[in-house]
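# Chains, contacts and geometry: an overview
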Protein chains: 2
Amino acid sequence: MSSRSTAERLRDGGERVTRQRLDVWEALERIGRQVSAQDLYDELRRRHPRIGRATVYRTLEALVAVGVARRFELDGHVSAYVACRPQHHHHLACHRCGRVEEIDEGYVAPVAARVAADRGFRIDDARLDFYGTCARCAAG
Amino acid sequence: MSSRSTAERLRDGGERVTRQRLDVWEALERIGRQVSAQDLYDELRRRHPRIGRATVYRTLEALVAVGVARRFELDGHVSAYVACRPQHHHHLACHRCGRVEEIDEGYVAPVAARVAADRGFRIDDARLDFYGTCARCAAG
DNA sequence: TCCCATAACGAGACTGAGTATCAGATAGGG
DNA sequence: CCCTATCTGATACTCAGTCTCGTTATGGGA
Ligand SMILES: [Zn+2]
Ligand SMILES: [Zn+2]
Ligand SMILES: [Zn+2]
Ligand SMILES: [Zn+2]
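In this report, the structure presented in the accompanying data block is examined. (Residues numbered from 1 in each chain as written. Chains lettered and ligands numbered in written order. Predicted model: local features only at pLDDT ≥ 70, side-chain atom pairs only at ≥ 80, totals over all residues. Heavy atoms only, no water.)

### A few points about the protein's contact with DNA strand D
Residues in contact with DNA strand D amount to 20 residues; listed here are only the nearest, Val17(A), Arg53(A), Thr18(B), Gln20(B) and Arg58(B). When the atoms of DNA strand D within 4 Å of the protein are sorted by group, sugar and phosphate make up 67%. One of the side-chain N or O atoms of Thr18(B) is found 2.8 Å from a phosphate oxygen in DNA strand D. Separating a phosphate oxygen of DNA strand D from a backbone N or O atom of Gly52(B) is a distance of 3.2 Å. Counting only elements with at least two residues in the surface near DNA strand D, the list comes to α3 (37-47) and α4 (53-65) of chain A together with α2 (19-31) and α4 (53-65) of chain B. By residue number, the principal contributor to the surface near DNA strand D is α4(A), which donates four residues. The residue makeup of the surface near DNA strand D, split by class, is five nonpolar, seven polar and eight charged. (Near = heavy atom within 4 Å. Polar contact = N/O pair within 3.5 Å; in protein donor to acceptor, adjacent residues only side chain to side chain. Helix = DSSP H or I, 4+ residues; strand = E, 2+ residues; numbered from the N terminus. Nonpolar A, V, L, I, M, F, W, Y, C, P; charged D, E, K, R; others polar.)

Written out as structure tokens, the structure is:
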């Protein structure tokens, strides 16, 4: 169950597991696409009217830190978050419907290795994001 | 000369060429690394005390729009800008010294083609960014 | 199970990046 | 040179994100 794996991830990262953090995670996963922190906060308050604004923001960063969510940048300088496989960093985002698909690490690793070798760079992190129109939106 | 090419780029994009826009471009290029809009504004006011805050922000977006600069996201949810070859989108950023090197499109295009074919995605734009330590910082 | 140190929560104040407004200035085509 | 659409800059404003601090609750240890 995904909420259990998130709880374990939090514990492994030295973070406490709280009701609120699981609520945030559940909402993020249920939405299933990229969403701004503010919109997620509004959504959460419908089911959990007492949840705090700061808690949502803090929790989203915690989820990113333990690797089950990822922060994006939207147009207009606003952050958005998406539930995400741990350690996964590469995405295919449809800017029509907002759906985010994941890209396997295998596509990227060889490029990183070549760049590191060619430029003498020690690479700690990589981000590869493609933007376009998903198959479903292109059809419909 | 690079400022002339920037002027041409602005004109080609239907944007006017003003003294302030060239000043912003010149400062951005002289700095030669990623810089926040606020820091660039502070820097610009030393030489051009009457330049307006909004002008700097607007101009940076205009430079991005015509393809001679690129917007980054720094930690802490702050945008940073860097002078950039037109249409160039891929970078190698040293998080020790802030230097940004460019990555040739040739590294990325084959990956984009494979992803598009495998997933039925029509790709409009791609971002590939590597973060790590540059050769100079690793040595020193 | 109970305790308790410590981390997380929540209400609300605060910060500051970024934007809107608008009167005045200016680029640039005719 | 003129005219007008665009740009500038001073200022006010918005609102995403953070901080504070008193309260609550987790989770490890007795
Ligand atoms: Zn992912
Ligand atoms: Zn779509
Ligand atoms: Zn570049
Ligand atoms: Zn460096």
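There's plenty left to go through after this.
### Looking at the protein's contact with DNA strand C
Around DNA strand C lies a shell of 19 residues, among which Arg16(A), Thr18(A), Gln20(A), Thr55(A) and Arg58(A) are the nearest. Within the contact set of DNA strand C, a phosphate oxygen lies 2.8 Å away from a side-chain nitrogen or oxygen of Thr18(A). Taking Arg58(A), its side chain carries an N or O atom lying 2.9 Å from a base nitrogen of DNA strand C. Broken down by element, the residue count for the surface near DNA strand C peaks at four residues, all from α4(B).

### Examining the coordination of the zinc ion (ligand 4)
Residue and element names in this part refer to chain B. Around the zinc ion (ligand 4), the protein contributes the donor atoms Cys94 (SG), Cys97 (SG), Cys134 (SG) and Cys137 (SG), at 2.3 to 2.4 Å from the metal centre. Sequence spacing among the residues donating to the zinc ion (ligand 4) works out to C-x2-C-x36-C-x2-C. Note on Cys97: relative accessible area 30%, which makes it partly exposed. (Donors = N, O, S within 2.8 Å, 3.2 Å for Na, K, Ca; no water. Buried < 20%, exposed > 50% of the residue type's maximum accessible area, 1.4 Å probe, protein only.)

### Focus on the coordination of the zinc ion (ligand 2)
Every protein donor of the zinc ion (ligand 2) is accounted for by Cys94(A) (SG), Cys97(A) (SG), Cys134(A) (SG) and Cys137(A) (SG), and the metal-donor separations fall at 2.3 to 2.4 Å. In the primary sequence, the donor residues of the zinc ion (ligand 2) line up as C-x2-C-x36-C-x2-C.

### Focus: the pattern of salt bridges
Evaluated as defined, the whole model comprises 20 salt bridges over all chains. Residue Glu43(B) is joined to Arg30(B) by a salt bridge in which the shortest nitrogen-to-oxygen separation is 3.3 Å. One end of the pair, Glu43(B), is in helix α3 (residues 37-47); the other, Arg30(B), is in helix α2, with 13 residues separating them in the sequence. Residue Asp129(B) is joined to Arg127(B) by a salt bridge in which the shortest nitrogen-to-oxygen separation is 3.6 Å. You can call Asp129(B) buried: its relative accessible area is 4%. One salt-bridge network, held together by shared partners, links Arg30(A), Glu43(A) and Arg46(A). (Salt bridge = Lys/Arg side-chain N within 4 Å of Asp/Glu carboxyl O.)

### Remarks on the relation of the copies chain A and chain B
Expressed as a screw transformation, the operator carrying chain A onto chain B has a rotation angle of 180° and an axial translation of 0.0 Å, and the superposed copies differ by an RMSD of 0.1 Å. Such a turn and shift between the copies fits a two-fold axis. By C-alpha distance to the rotation axis, the residue of chain A lying nearest is Leu128(A), at 2.2 Å. Comparing interface residues between copies, 100% of those in chain A also sit at the interface in chain B, which points to an isologous, same-surface contact. (Least-squares fit on C-alpha atoms with pLDDT ≥ 70 in both. Contact = heavy atoms within 4.5 Å.)

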